[in-house]
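# Residue-level structural notes
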Amino acid sequence: MKAIAVVFALLLTCTLATKEVAKKNKKSKLYVPQIECDIKAAKIINPEFIARCPSGCQDTKYRVYGTDIYASFSSVCGAAIHSGIIDKTGGKILVQKVAGQSGYKGSYSNGIQSLSLPRWRESFIVSEGKPKKGVQYPSTLEYSSVKTPSVKGGASLRREYLTTAAPLPGTKIVTSLPKPTVMTTESVSTVLKPTAVPMTISTTFTTKAMTAATAKPQHVIHKVRDIGQVQAVQGRTQNQAFRSTSSYASNRNIPRANAGIQRQEPIASFRKPASSPANLAMETDLWKSGSSLLDTGFNSKEDLLPKPLEPVSQGNPNCRVDLSFLIDGSWSIGKRRFQIQKQFLKDVAQALDVGVAGPLMGIIQYGDDPSTEFNLKTYSNSKDLKNAIEKILQKGGLSNVGRALSFVNKNFFDDSNGNRGGAPNVAIVMVDGWPTDKVEEASRLARESGINIFFVTIEGPDETEKQNVIEPDFVDKAVCRTNGYYSISVPSWFSLHKIVQPLVKRVCDSDRLVCSKTCLNSADVGFVIDGSSSVGTGNFRTVLQFVANISKEFEISDTDTRIGAVQYTYEQRLEFSFDKYRNKQDVLNAIKRINYWSGGTSTGAAINYAYEQLFSKSKPNKRKIMILITDGRSYDDVRGPATAAHHNGVIAYSIGIAWAAQDELEAIATDPDRQHSFFADEFDSLYRFVPRIIQNICTEFNSQPRN
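Residues numbered from 1 in each chain as written. Predicted model: local features only at pLDDT ≥ 70, side-chain atom pairs only at ≥ 80, totals over all residues. Heavy atoms only, no water.

## Quick look at the overall build of the protein
Broken down by element type, the protein carries 20 helices and 23 strands. Every one of the 707 residues in the protein was classed for burial, and the buried ones make up 43%. Taking contacts inside the protein between residues at least 6 apart in sequence as the whole, the part at least 24 apart equals 78%. For the protein, the exposed area adds up to about 37900 Å²; of that, 52% sits on carbon and sulfur atoms. (Helix = DSSP H or I, 4+ residues; strand = E, 2+ residues; numbered from the N terminus. Buried < 20%, exposed > 50% of the residue type's maximum accessible area, 1.4 Å probe, protein only. Contact = heavy atoms within 4.5 Å. Areas by Shrake-Rupley, 256 points an atom, 1.4 Å probe, with all protein chains shown as cover.)

Structure representation (structure tokens):
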């Protein structure tokens, strides 16, 4: 019995002890470190951890970069809210570091707008703060700290090395010592013999005693290399090229004879006993061959860690244009003025603030024939664009501007080249003197395609030179409008910099870019649809299909053409207004959903209603187009309401079917009647009118005066 009691007691004791240990372990696992809202993932060294975010981290000052996978430059808690793991009240999160990415995409989610970033060296993902099985998470987070000051070149450095024993016999310590001359760039390699006398020496040296022989020649070597590279590029167009004869990289340790040069012997002997392999390795590495006395032996964390990449600007959102510069590369411009032209382009790129959310810029160089230097999607920030401009080489040839404009119209503003569709297309033509071909026809076609053409002419022809110009008044024949807004004349290349800001201001004023406003993207189109009993359900669906077919032809958005619709019988009903739908598919879906009403026919009242509900709210820069469809005579007067609409700038088209009255159709339509009034015997013939209506709308638009 006693044995049983002892066993039972032992079991009970072990059980209680196990429970106590488990309880302690459980308690230790429950502790989660707290982090602040502004803590970025890059600041935390731990590769995987669980942390608790406080409330209030949805503030916009806590920047987040990316979607789902975030750049480590982001606020950890901000990213957790953006991804939906926690809300603004905070909570536990699990963070895992992953490799760096290219193309972090910005998005709006859970009240936070994350930003785009082209690339970053490290990323992280956020998930629910539940520990994984078998993974031990830190209860205290390690933070990186960059406090070591960087050493500036040219400063006097003083360092002490404390050693305790001589190096082991047979150990060679290789060192590079300076020479007191600037005539050579080789370093002297000296093998220090080990000593058998163990002793402790405090060795002190100052790099201030160094001569320029070891500090400056290294820079000279790099300059020589750079010169060689530059000259190699320039040698394609020049008869002579400077060639670098430096072979320092491959032969720097080969002794060379230098008459009259005295090599300085080693300043001091370093006797370093091997108290430990670690010390020996450290000192041996410190003085290995090829090292300079300027090397401190200590690297600050600022040097070791990659420099943070500053977020790239997304561009000026108030200047969203697709811009093509046509630069003059003809022989007449000369090399010096071509450089001035490139500097002007760089100044414009800087002033524009290029970016995906703002202006995009490409460059075409013309001479005998045009060629694209880079298109709209090649560079998405001003810095990269300016670097690319600097590398452009002059191609030479004549000044065939007309050929260049044809090239732009046919090739440049294409979706594959980065054309964004909703952004106005702008072409700025730089001309030294005057073109050597005709520009009028090429410019007209480009303008009709919606390209806003600006001309910048430098040192144009004087009175005696005008007889040499192939096409007099070539600027007025080319630009978007002849009111002086689209042309700038500069008397000298050396004053070109003065027009940077005026030109950028004009290009960014989208309301004045009238050539971008084509017949298909610059109207408010309102349909007035007869829903009377005589139409019938089947025919009403045919009318709606006709409305949809016309709508499909337009470029629909809140900044392009907008569509609205009114249905009428005795009464009127607004089906949807101009600002209701902002893309083509939504408009087409809304047309399909219109329900047949049935009733009488009060067309005059419907015209008044359409003006009040639709066209009175039209934008000032939009053409107001009313398309009315009816199948019978109106019960009220149509002439008065139609005349009032015409006087208020509404261009009216009338489409009659079956029993519609011809005199009323002509009264409703804008003059001339035959271009704005159509009649069909049956509903199934309506589709034939679609191309004629669109053609009339565009012909009328393109016939507007250019000045």
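Next comes the rest of the account.
## Re the sheet that holds strand β3 (residues 69-71)
If you walk across this open sheet you meet the 5 strands as β1-β4-β7-β3-β2, and the pairing is antiparallel. In the strand order of this sheet, the two ends are held by β1 (48-53) and β2 (66-67), each with one partner. (Pairing = 2+ DSSP bridges.)

## Re the side chain of Asn400
Take Asn400: it is sitting in the loop between α9 (382-390) and α10 (401-412). With relative accessibility at 9%, the residue Asn400 sits in the buried group. One polar contact links Asn400 to Thr436, side chain to side chain, over a distance of 2.9 Å. In this view, Asn400 contacts Tyr366, Gly367, Asp368, Thr436 and Asp437; residues no more than four positions away in its chain are not counted. (Polar contact = N/O pair within 3.5 Å; in protein donor to acceptor, adjacent residues only side chain to side chain.)

## Let's talk about the nonpolar core
In this structure, Phe325, Met361 and Phe455 are the most contacted members of the largest nonpolar core, which totals 66 residues. The contact partners of Phe325, leaving out residues within four places of it in the chain, are Phe344, Leu345, Val348, Met361, Gly362, Ile363, Ile364, Ile428, Met430 and Leu503. With 39 residues, the next largest nonpolar core counts Val547, Ile629, Ile693 and Ile697 among its residues. (Core = buried A, V, L, I, M, F, W, Y, C linked by side-chain atoms within 4.5 Å.)

## Observations concerning helix α20 (residues 689-702)
Between its first and last C-alpha atoms α20 spans 20 Å; for 14 residues at 1.5 Å apiece the expected length is 20 Å, and the two agree. Of all the residues in α20, the buried ones are Phe689, Val690, Ile693, Ile694, Ile697, Cys698 and Phe701. Taken around the axis of α20, the buried residues stretch over an arc of 165 degrees, which confines them to a single face. Structural note: α20 exposes Pro691 and Gln695 on the side pointing more than 90 degrees away from its buried face. (Expected span 1.5 Å × (residues − 1). Arc of directions from axis to C-beta.)

## A closer look at the packing of α10 against helix α11 (residues 440-448)
The description of two helices packed together rests on the angle between their axes and the distance between the axes. One way to put it is that α10 packs onto α11 with a least axis distance of 8 Å and a crossing angle of 20 degrees. Here α10 lies roughly parallel to α11, going by the angle between them. Here the hand of the crossing between α10 and α11 comes out left-handed. Residues Gly402, Leu405, Ser406 and Asn409 of α10 form the contact with α11, whose own contacting residues are Ala442, Ser443, Leu445 and Ala446. (Axes fitted to C-alpha atoms, helices over the stretch in contact; angles between N-to-C directions. Parallel < 35°, antiparallel > 145°, perpendicular 65-115°, else oblique. Left-handed = near helix turned anticlockwise from the far one by under 90°.)

## Considering helix α15 (residues 584-592)
Those residues of α15 that fall on the buried side of the exposure criterion are Val587, Leu588, Ala590 and Ile591. All buried residues of α15 fall inside an arc of 160 degrees around its axis, so they share one side. On its buried face, α15 is in contact with α14 (537-552), β19 (562-568) and β20 (572-576). Backbone nitrogen of Gln585 and a side-chain oxygen of the N-cap are separated by 3.2 Å at the start of α15; the cap is Asn583.

## Some points on the packing of aromatic side chains
Within a pair of aromatic rings, the relevant descriptors are the distance that separates the centres and the angle that separates the planes. Tallied over the entire structure, the rule returns 15 aromatic pairs. Seen in terms of ring centroids, Tyr65 and Phe73 are 5.6 Å apart; in terms of plane orientation they differ by 40 degrees. Their pairing is tilted. Judged by its relative accessible area of 15%, Phe73 falls in the buried class. Taken together, the ring pairs connect Tyr65, Phe73 and Trp120 into an aromatic cluster. If you follow Lys40 out to its NZ or CZ, it ends over the ring of Phe73, 4.2 Å from the centre. In this arrangement the basic side chain of Arg506 is found over the ring face of Tyr485, its NZ or CZ atom lying 5.6 Å from the centre. (Phe/Tyr/Trp six-rings, centres within 6.5 Å; stacked < 30°, edge-to-face > 60°. Lys NZ or Arg CZ within 6 Å of the ring centre and 35° of its normal.)

## Concerning the pattern of salt bridges
Scanning the model with the defined rule gives 15 salt bridges in all. With its nearest N and O atoms 3.5 Å apart, the salt bridge here joins Glu664 to Arg633. Of this pair, Glu664 sits in helix α18 (residues 662-668) while Arg633 sits in the loop between β21 (623-630) and α17 (639-647), placing them 31 residues apart in sequence. For Glu664, a relative accessible area of 11% corresponds to the buried category. (Salt bridge = Lys/Arg side-chain N within 4 Å of Asp/Glu carboxyl O.)

## Some words on the pairing of strand β7 (residues 117-128)
Pairing between β3 and β7: 2 bridges, direction antiparallel. Residue pairing for β7: Ala71 is matched across the bridge by Ser123. Pairing of strand β4 (residues 91-104) with β7, which is carried by 10 bridges, proceeds in the antiparallel orientation. The residue bridging Gln96 from the neighbouring strand is Ile125, located in β7.

## Considerations on the sheet that holds strand β18 (residues 523-530)
Pairing within the open sheet is mixed, and its 6 strands lie in the order β20-β19-β18-β21-β22-β23. Two strands in the sheet have a free side with no partner beyond their single neighbour: β20 and β23 (677-680). Here the average twist between neighbouring strands, direction ignored, is 20 degrees. Of the pairings in the sheet, the one linking strand β22 (residues 650-657) to β23 comprises 4 bridges and is parallel in character. Across the sheet, the residue bridging to Ser654 is Ser677, located in β23. Sheet strands touched by helix α16 (residues 603-613): β18, β19, β20, β21 and β22. Its angle to β20, the strand with the most contacts, is close to 40 degrees. Sitting on the sheet, α20 is in contact with β21, β22 and β23, with an inclination near 165 degrees to β22.

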